[in-house]
Amino acid sequence: MKFASFSLRRALGDFRKTGDVSAERSRGQTVFHRFAADSRGDVAILFGIMALVLIMMIGLAVDYGRLVNARNQTLEAADAAVLAGARALQTNGGDQAAAIKVAQAFYKQAVQSRISTVSNSDTINFAVTDNGTAVVSQGNASISTPFMSVAGVKTLPLLHANGSDYAKAVLAVGGNAELNLEVSMMLDITGSMGLGTKLQDMKSAATDLINIVVWPDQSKYTSKVAIVPFAYDVRLPSTAFKNATGYTAQTSSPCVVERMGTQKYTDAAPQSGQYVMVHSSSSKKASPTPTCNLTSSAEALPLTSDKTALTSKVNGLALAGSTAGHIGTAWAWYMLSPNWGSLWASTSMPAAYNAPKLKKIAVLMTDGEYNTQYTSKGVTDGSYSLTSCPNAANGVCSSAQAVSQCAAMKAKGIEVYTVGFMLDNQMAVDTLSSCATDANHFYNSTTGDALKAAFRDIALKISTLYLSQ
């Protein structure tokens with residue numbers, strides 16, 4: 001019995017020990033499972049990783065935001081600067097150095113509020129290009145990147161390296177400015193233009209204007225120029241001569257002088273009772289005997305966008321006779337008048353007055369006083385007077401007739417520029433001053449360079465500003 005009792009106690013003890021071990025093991029497994037199942041640490045780890053990514057993204061966003069802000073300010077400043085520079089070209093007689101200074105000043109003022117670290121790297125500057133008709137920006141600038149510098153990217157450029165971001169302001173006419181333009185140039189080829197290099201200076205100046213005003217793309221909008229050489233008279237193509245004068249006989253001298261009657265200072269269409277007179281060699285015959293002081297190379301050229309034809313016409317001009325300025329003035333007007341369109345081919349017909357997106361401009365150039373006028377027979381009155389011309393068909397001298405024509409022309413909405421070249425008396429100055437639209441449209445050039453500057457200034461003023469990039 002004792003043995004059995006001992007054995008039972010031992011067995012119970014071993015059971016308890018075994019149970020304790022199992023219990024401990026079970027408890028260990030429970031703790032492990034609880035630890036393994038505990039997800040609270042995951043959140044902390046994920047948060048740490050996400051926080052790092054968020055900090056990096058915020059840093060990138062800050063650097064990018066600074067870049068975008070500085071870039072936009074720089075682009076806007078460059079746009080404003082090139083426009084200001086190009087506008088200066090329009091108003092300062094084409095002084096390129098002065099225009100660049102204006103652009104630089106505008107740019108400097110516009111970037112004052114930009115992030116300061118950009119200024120140290122800013123190499124943006126300005127230049128005049130395209131034969132003096134455009135202002136462009138050049139160079140670049142960069143911005144520091146505090147956050148990206150951790151990855152080795154310390155700075156970023158504000159503009160693209162290929163120059164596509166450069167600003168360019170263009171002085172444009174015709175299709176480039178979404179504007180139709182008609183310009184008529186009256187050019188003096190009288191004998192006095194043979195002094196020194198005056199004729200060549202005029203040719204260079206007129207060619208310069210043509211090159212600026214007539215642009216290649218005429219597909220949607222057009223810019224056209226007409227050339228009216230004058231001296232004693234104006235020479236017309238044969239068909240235009242017949243329609244303007246009513247003279248139907250064949251002639252090799254298709255030159256015209258002034259118009260008489262109630263329409264003498266208007267642009268009423270030519271017809272019976274209001275034709276222009278034929279320049280006649282004799283006042284003794286019942287009908288005029290046509291004559292010309294201008295050679296065929298000085299035949300008037302109606303409105304065209306053919307730059308080759310225009311420059312060839314100008315370069316082929318030769319000297320001839322004295323100064324019937326009122327006749328040149330009249331034909332500078334008729335070239336722009338829709339009432340005279342029937343004289344020309346359809347491509348040279350002037351558009352209607354006040355048509356949308358249209359400018360009509362007359363440029364009147366002479367080197368002296370108007371001293372030749374005609375009788376009712378189409379011959380010179382012989383006076384060569386500037387103030388008293390009783391035998392003139394219209395009772396007054398050439399200058400007075402020109403001023404009346406200019407007043408009527410301006411009333412039609414035509415903008416009139418006048419250019420004097422080495423004018424030798426006050427009456428010549430007064431005539432051109434009166435003919436001009438205003439004081440800013442009159443140029444009194446005293447040298448060949450000044451004449452070229454005047455024509456260029458007119459071309460730039462005619463132009464319209466736009467940003468091409």
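Data block above holds the structure.
Remember, predicted model here, so these are calculated numbers, not experimental data. (Residues numbered from 1 in each chain as written. Predicted model: local features only at pLDDT ≥ 70, side-chain atom pairs only at ≥ 80, totals over all residues. Heavy atoms only, no water.)

A. Up close: the overall build of the chain. Counting secondary structure elements, the chain contains 11 helices and 15 strands. By the burial criterion, 47% of the 469 residues in the chain qualify as buried. (Helix = DSSP H or I, 4+ residues; strand = E, 2+ residues; numbered from the N terminus. Buried < 20%, exposed > 50% of the residue type's maximum accessible area, 1.4 Å probe, protein only.)

B. Inspection of unusual backbone geometry at higher detail. The backbone of Asn-354 sits at a positive phi, close to 60°, despite the residue not being glycine. Mapping Asn-354 onto the fold places it in the loop between helix H8 (325–334) and strand S12 (358–366). According to the relative accessible area criterion, Asn-354 is exposed, its value standing at 71%. The backbone of Tyr-384 sits at a positive phi, close to 50°, despite the residue not being glycine. Within the secondary structure, Tyr-384 is located in the loop between S12 and helix H9 (398–411).

C. Examining the nonpolar core more closely. Residues Val-234, Leu-236, Trp-331, Leu-364 and Ile-414 are the most contacted members of the largest nonpolar core, which totals 47 residues. Looking at this core, the elements with two or more residues in it are strand S7 (223–230), helix H6 (238–245), strand S9 (255–259), strand S10 (276–278), H8, S12, H9 and helix H10 (426–435). It is H8 that contributes the most residues to this core, six residues altogether. Among residues more than four places away in sequence, those in contact with Ile-414 are Trp-333, Leu-336, Tyr-353, Lys-360, Ile-361, Ala-362, Met-409 and Thr-437. Of all hydrophobic cores here, the second largest spans 38 residues; its members include Met-185, Leu-301, Leu-310 and Phe-421. (Core = buried A, V, L, I, M, F, W, Y, C linked by side-chain atoms within 4.5 Å. Contact = heavy atoms within 4.5 Å.)

D. Broad picture of the sheet that holds strand S8 (residues 234–235). Read from one edge of the open sheet, three strands run S8-S9-S10, paired in antiparallel fashion. Among the strands making up the open sheet, the edge pair consists of S8 and S10. Summarising the sheet, S9 and S10 pair through two bridges and their orientation is antiparallel. Bridge pairing in S10 links Val-256 to Val-278. Running over the sheet, H6 touches S9 and S10 and is turned about 115° from S10. (Pairing = 2+ DSSP bridges. Axes fitted to C-alpha atoms, helices over the stretch in contact; angles between N-to-C directions.)

E. Geometry of the sheet that holds strand S13 (residues 415–421). One open sheet holds the six strands; their spatial order is S11-S7-S6-S12-S13-S14, and the pairing between them is mixed. Looking along the sheet, the strands with just one partner apiece sit at the ends: strand S11 (301–304) and strand S14 (442–445). Ignoring which end each strand starts from, the neighbouring axes of this sheet average 15° apart. The sheet strands contacting helix H5 (residues 198–213) are strand S6 (180–188), S7, S12 and S13, and the helix crosses S6 at an angle near 175°. Of the strands in this sheet, S6, S12, S13 and S14 touch helix H11 (residues 448–462), which is tilted by about 170° from S13.

F. Local environment of helix H3 (residues 96–110). With 15 residues, H3 should cover 21 Å at 1.5 Å per step; its first-to-last C-alpha distance of 21 Å lies within 8% of that length. Among the residues of H3, Ala-99, Ala-103 and Tyr-107 are the ones counted as buried. Buried residues of H3, seen end-on, are gathered within an arc of 70° and therefore sit on one face of the element. Facing away from the buried side of H3 by more than 90 degrees, the exposed set consists of Ala-97, Lys-101, Lys-108 and Gln-109. Sitting at the amino-terminal end of H3 is Asp-95, which places a side-chain oxygen 3.3 Å from the backbone nitrogen of Ala-97. (Expected span 1.5 Å × (residues − 1). Arc of directions from axis to C-beta. Polar contact = N/O pair within 3.5 Å; in protein donor to acceptor, adjacent residues only side chain to side chain.)

G. Representation of the environment of Asp-430 within the structure. The topology assignment puts Asp-430 in helix H10. We classify Asp-430 as partly exposed; its relative accessible area is 40%. Residues Asp-430 and Ser-399, 31 residues apart in the sequence, show an inter-C-alpha distance of 9.3 Å.

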